[in-house]
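Structure assessment
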Amino acid sequence: MTGVATAYTTLGRFLDHWDGVRMVTLKLLGCFSEADLRRTLWPGSRTVGEMFHHIGAHQFYACRGLFLGQWEPKGTLEESPDADWDLHKHLTVYKTETLHHWLERVQQQTRTWAQEAVESRLTDFATDNPWHEGMRGWLLLQHAYQDEVHHRGQLYALARQLGYLPPDVFAVDHPDYWNERKWK
């Protein structure tokens, strides 16, 4: 059918799904040693640590902007990591535990922002979006989600090249995540 616009899911279900994606991303992070965080897939590309940092940074920027309409940083580095991304990245990318905390924090922050958001931020065109002008909020949210999946794919390739066995890709293959959500 064309011309029919319906949400295919609720925001809560979408964020639950993203939690499963993030859980797998965090398990993948656990495959790498701290020495691996400085490795690259090819010369000049982001390091492993930088890719994991980027996943959180991309989500932080897109979701804060989408849900709060705040595209510019406010406050200190602790309040708004994009007040100085270079410094935040430097403080984050070389420690597995710090990256893990960063990715968990962004996922939790996204849920907090989503609770504060006006529903029209998802369905209307985001005219205040300086990054992808004219996108509906749902598409911007999916864009941040897809960016994580894209970079996680690169990280899977690197993990396999290093001889590591990365986690299964889908959350349903992880009973620790899936069993409590089954049939919901």
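Note: the structure precedes this text.
Residues numbered from 1 in each chain as written. Predicted model: local features only at pLDDT ≥ 70, side-chain atom pairs only at ≥ 80, totals over all residues. Heavy atoms only, no water.

Here we come to the overall build of the protein. Looking only at helices and strands, one finds 7 helices and 0 strands in the protein. Its helices and strands in sequence order give the protein the pattern α-α-α-α-α-α-α, from N to C terminus. Taking 2.2 N^0.38 as the reference for a compact globule, 184 residues should give roughly 16 Å; the C-alpha atoms of the protein span a radius of gyration of 17 Å, in line with that estimate. Dimensions along the principal axes, computed over C-alpha positions, put the protein at roughly 50 × 40 × 30 Å. Going through the 184 residues of the protein one by one, you find that 43% of them count as buried. In the protein, of all internal contacts separated by at least 6 residues, the share reaching a separation of at least 24 is 69%. The average position of the 19 basic charges and that of the 24 acidic charges among the side chains of the protein differ by 4 Å. (Helix = DSSP H or I, 4+ residues; strand = E, 2+ residues; numbered from the N terminus. Rg over C-alpha atoms; globule rule 2.2 N^0.38 Å. Buried < 20%, exposed > 50% of the residue type's maximum accessible area, 1.4 Å probe, protein only. Contact = heavy atoms within 4.5 Å. Lys, Arg positive; Asp, Glu negative; His and termini not counted. Charge placed at Lys NZ, Arg CZ, Asp CG, Glu CD.)

A few words now on the packing of aromatic side chains. One pass over the structure, following the stated rule, counts 11 aromatic pairs. Between Phe 32 and Phe 52, the ring centres sit 6.0 Å apart and the planes meet at 75 degrees, which makes this aromatic pair edge-to-face. Here the residue Phe 32 occupies a position in the loop between helix H1 (11-29) and helix H2 (48-68), and Phe 52 occupies one in helix H2, the gap between them amounting to 20 residues. As far as the burial class goes, Phe 32 and Phe 52 line up, both buried. Its guanidinium or amino end placed over the ring of Tyr 94, Arg 38 lies 3.8 Å from that ring's centre, counting from NZ or CZ. (Phe/Tyr/Trp six-rings, centres within 6.5 Å; stacked < 30°, edge-to-face > 60°. Lys NZ or Arg CZ within 6 Å of the ring centre and 35° of its normal.)

Moving on, we come to the environment of Leu 28. Topologically, Leu 28 is positioned in helix H1. Since its relative accessible area comes to 0%, Leu 28 is described here as buried. Residues Leu 28 and Thr 92, spaced 64 residues apart in sequence, show a C-alpha to C-alpha distance of 17 Å. Contacts of Leu 28, omitting those with residues within four sequence positions, involve Phe 52, Arg 152, Leu 155, Tyr 156, Ala 159, Pro 166 and Pro 167.

Next up on the list: the side chain of Ser 80. Along the polypeptide, Ser 80 turns up in the loop between H2 and helix H3 (85-92). With relative accessibility at 1%, the residue Ser 80 sits in the buried group. Within the local environment of Ser 80, its side chain forms a polar contact with the side chain of Asp 82, the two groups lying 2.6 Å apart. Not counting residues within four places of it along the chain, the set of residues in contact with Ser 80 comprises Phe 60, Arg 64, Pro 73 and Lys 74. (Polar contact = N/O pair within 3.5 Å; in protein donor to acceptor, adjacent residues only side chain to side chain.)

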